[in-house]
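Close look at the chain arrangement
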Amino acid sequence: MSKNNEELFKNVVSHSKEYGFVFPSSEIYDGLSAVYDYGQLGSELKNNIKTYWWKSMVQMNENIVGIDAAIFMHPKVWKASGHVDGFADPMIDNKDSKKRYRADNLIEDKIARYAKDGKLDKAEKLQADMDAALNAEDLPKLKALIEEHEIVCPVSGTRNWTDVRQFNLMFSTQMGAMAEGSDEVYLRPETAQGIFVNFLNVQKTGRMRIPFGIAQIGKAFRNEVIARQFIMRMREFEQMEMQFFVKPGTEMEWYAHWKEARLKWHLALGTIKDKYRYHDHTKLAHYANAAVDIEFEFPFGFKEVEGIHSRTDFDLSQHEKFSGKKLQYFDTQENKNYVPYVIETSIGLDRMFLLTLCNAYEEQDLSTDEKQDSRTVLHLHPCLAPVKAAVFPLTKKDGLPEKAREIMDQLKLDFNLQYDEKDSIGKRYRRQDAIGTPVCVTVDHQTLEDNTVTIRHRDSMEQERVSATDLENIIGKMVSWKNLLS
């Protein structure tokens, strides 16, 4: 990460805490590693991202429905899915800093530095060597690559490494009234299995016909060792997943469809296309016959935000085997039963939240020959903005606060608004810019005469005079989901 990008990322993290987006969890007790709380504005932004995803998946597609499965599931679910035996990452410890890292992440960071320095041959060779080692599950080879390329610990700066070991990521706990005889259960490491075990329930009760999808937003838990890059990698996180069930033999057609559709969903927010890229998996999971990541260029480099996977019939077949129940679909056109294939789209909500902040954050120098001026602004899409509009009385007297409150009361049922009468109007504008509020509405003495107000736009800082009775329509059009989903 360059110095400028490193400074930018630090400023985004600092800004998110200062303005109530994200707080370290249990901060008064010195925090809990890789766990964060979403503040008053962060929870609003997060909910708006969820709404955008849910509307685009469930509301806009007649053949996709949503569920909300429980976090706790029967232990056999995770045996069937392969998580009990194979859900592990290659970890390595630095003996000096006592810090633990994913070996492949250390190597990926080195590859990125090689590419940045123009050493493309070295980058490609190291990528190929790492892929070969991961495919062969050759842990000694991973350590050899770390040593050969003189990869150092980011904390201690030394190369005093342990051997690479596999580390299971699932949290386990006991379910039962007594410690003796209680069952071991797991906090789910992904939300997908809740969809698979409910396949027949949804298909039959919803009278769903292939192809159809089941969507879900929910918490997942992984005992991640790496606590870095803010909310990029956490132990408690949220996923937005959709499993699309298709006829065997058509999966690659649907894989291509969802690959394109999901990137369009991201770009609809106004993000620069060059900030995104596809990354095809060279090492496929045992259940997949195709997989691609949608990566975004964060200040610390390109990282995955969403995965599209062709999971074949692995999941339903495994649950058939372990449960003894048939998980098949009767195709009336084919007049036969079969286990559907699955195309998965899986997006990390927390990563999408961080992407949104990084993409929206800007520090602007507004200085002129007459004065020095600057502002920090979040260019959030109006649909995602936590606060849709702010209402200001120009002064705290002459009936202006009462009129401003009257306008607030007329609008607050439909829109999340803020009222502010403290400090100069300029300072109030700056506070709203910093949290991404699209427009500010100022009530002045003229308002009392003709019921007009001044609207000031966040991005352009331009102002216009409009009737107060038009505010509902103006703000409504600005924040309408039709702007994203049409």
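Look a little higher up for the structure.
This report concerns the structure included in the present document.

What counts as what
Residues numbered from 1 in each chain as written. Predicted model: local features only at pLDDT ≥ 70, side-chain atom pairs only at ≥ 80, totals over all residues. Heavy atoms only, no water. Axes fitted to C-alpha atoms, helices over the stretch in contact; angles between N-to-C directions. Helix = DSSP H or I, 4+ residues; strand = E, 2+ residues; numbered from the N terminus. Left-handed = near helix turned anticlockwise from the far one by under 90°. Contact = heavy atoms within 4.5 Å. Nonpolar A, V, L, I, M, F, W, Y, C, P; charged D, E, K, R; others polar. Buried < 20%, exposed > 50% of the residue type's maximum accessible area, 1.4 Å probe, protein only. Pairing = 2+ DSSP bridges. Core = buried A, V, L, I, M, F, W, Y, C linked by side-chain atoms within 4.5 Å. Phe/Tyr/Trp six-rings, centres within 6.5 Å; stacked < 30°, edge-to-face > 60°. Parallel < 35°, antiparallel > 145°, perpendicular 65-115°, else oblique. Salt bridge = Lys/Arg side-chain N within 4 Å of Asp/Glu carboxyl O.

Looking at the packing of helix α5 (residues 103–116) against helix α7 (residues 139–148)
Between α5 and α7, whose axes approach to 10 Å, the crossing angle comes to 35°. Judged by the sense of rotation from one axis to the other, the crossing of α5 with α7 is left-handed. Counted together, Ala103, Leu106 and Ile107 of α5 and Leu142, Leu145 and Ile146 of α7 form the full contact between these two elements. A per-class count over the contact of α5 with α7 returns 6 nonpolar, no polar and no charged.

Topic: helix α14 (residues 425–435)
Burial in α14 covers these residues: Arg428, Tyr429, Gln432, Asp433, Ala434 and Ile435. Just past α14, the residue glycine 436 takes up positive phi, approximately 85°.

Brief notes about the sheet that holds strand β22 (residues 452–457)
With mixed pairing, the 5 strands of this open sheet are ordered in space as β20-β19-β21-β22-β23. Pairing within the sheet leaves two strands with one partner each, and these edge strands are β20 (417–419) and β23 (463–467). Direction aside, the axes of adjacent strands within the sheet are offset by 25° on average. Pairing between β22 and β23: 5 bridges, direction antiparallel. Bridge pairing in β23 links arginine 456 to glutamine 463.

Some details on the environment of leucine 380
Topologically, leucine 380 is positioned in the loop between β18 (374–378) and β19 (389–393). When its relative accessible area of 1% is taken as the criterion, leucine 380 is described as buried. Sequence separation between leucine 380 and threonine 205 is 175 residues, and the spatial gap between their C-alpha atoms is 39 Å. Apart from residues lying up to four places away in sequence, leucine 380 is in contact with Thr356, Ala360, Ala385, Pro386, Ile435, Gly436 and Arg458.

Points about unusual backbone geometry
Between isoleucine 210 and the following residue, proline 211, the backbone shows a cis peptide bond with an omega angle of 0°. Its place among the elements puts proline 211 in the loop between α9 (199–205) and β9 (212–221). For glutamate 137, which is not glycine, the phi dihedral falls at a positive 50°. Locating glutamate 137 in the fold gives a position in the loop between α6 (120–135) and α7. One non-glycine residue, aspartate 398, adopts positive backbone phi at about 65°. Accessibility expressed as a relative area gives 46% for aspartate 398, which makes it partly exposed.

Regarding helix α11 (residues 314–323)
All of the buried residues in α11 are Phe314, Asp315, Leu316, Gln318, His319 and Glu320. Looking one or two residues beyond α11, the residue adopting positive phi is glycine 324, at roughly 80°.

Digging into the nonpolar core
Ranked by internal contacts, the top residues of the largest apolar core, which has 61 residues, are Phe21, Trp53, Phe298, Phe353 and Leu354. Contact partners of leucine 354, with chain neighbours within four places excluded, come to Phe9, Gln229, Phe230, Ile231, Met232, Phe298 and Phe300. Counting 21 residues, the second largest nonpolar core, distinct from the first, contains Ile407, Val443, Val466 and Val479.

Observations regarding the environment of glutamine 40
Relative to the assigned elements, glutamine 40 resides in helix α2 (residues 40–59). Along the chain, glutamine 40 and threonine 454 lie 414 residues apart, while their C-alpha atoms are 27 Å from each other. Discounting residues that sit within four places of it in the chain, glutamine 40 has contacts with Tyr19, Gly20 and Phe23.

Remarks on the packing of aromatic side chains
Under the counting rule described, the total for this entry stands at 19 aromatic pairs. Judged by centre distance (5.2 Å) and plane angle (80°), the ring pair of tyrosine 36 and phenylalanine 230 falls under edge-to-face. You can see tyrosine 36 sitting in strand β2 (residues 36–38) and its partner phenylalanine 230 sitting in the loop between β9 and β10 (236–246), a full 194 residues away along the chain. Judged by its relative accessible area of 25%, tyrosine 36 falls in the partly exposed class. Consider the rings of phenylalanine 298 and phenylalanine 300, whose centres lie 5.1 Å apart with planes at 5°: the pair is stacked. You'll find phenylalanine 298 and phenylalanine 300 in the same group, each marked buried.

What to know about the packing of α2 against helix α12 (residues 349–360)
The interhelical angle for the contact between α2 and α12, taken along N-to-C directions, is 110°, at an axis separation of 10 Å. Considering the angle they form, α2 stands roughly perpendicular to α12. As for the relative orientation of α2 and α12, their crossing is right-handed in sense. Every residue of α12 that contacts α2 at Gly42, Leu45, Lys46, Ile49 and Lys50 is listed here: Leu349, Asp350, Met352, Phe353, Thr356 and Leu357. Tallied by class, the residues present in the contact of α2 with α12 amount to 6 nonpolar, 2 polar and 3 charged.

Remarks on the sheet that holds strand β5 (residues 100–102)
Taken in spatial order, the 3 strands line up as β5-β4-β6 in an open sheet, and their pairing is antiparallel. Of all strands in the sheet, those bounded by a partner on one side alone are β5 and β6 (165–168). Between one strand axis and the next, the sheet turns by 50° as a mean value, whatever way the strands run. Of the pairings in the sheet, the one linking strand β4 (residues 88–93) to β6 comprises 4 bridges and is antiparallel in character. Residue pairing across strands places alanine 88 opposite asparagine 168, the latter belonging to β6. Packed on one face of the sheet, α5 meets β4 and β5 and runs near 70° to β5. Sheet contacts for α7: β4 and β6; angle to β4, the most-contacted strand, approximately 45°.

Quick word on the pattern of salt bridges
Counting across every chain of the model gives 29 salt bridges. Of the charged contacts, one joins lysine 403 and glutamate 406 as a salt bridge, the two residues approaching to 3.3 Å between their closest N and O atoms. Of this pair, lysine 403 and glutamate 406 both sit in helix α13 (residues 400–411), 3 residues apart, which is roughly one turn of that helix. Assessed through its relative accessible area of 15%, lysine 403 is described here as buried. As a salt-bridge pair, aspartate 444 and arginine 465 come within 2.7 Å of each other at their nearest N and O atoms. Placement of aspartate 444 in the loop between β21 (439–443) and α15 (445–450) and of arginine 465 in strand β23 is noted, with a sequence separation of 21 residues between them. Accessibility expressed as a relative area gives 32% for arginine 465, which makes it partly exposed.

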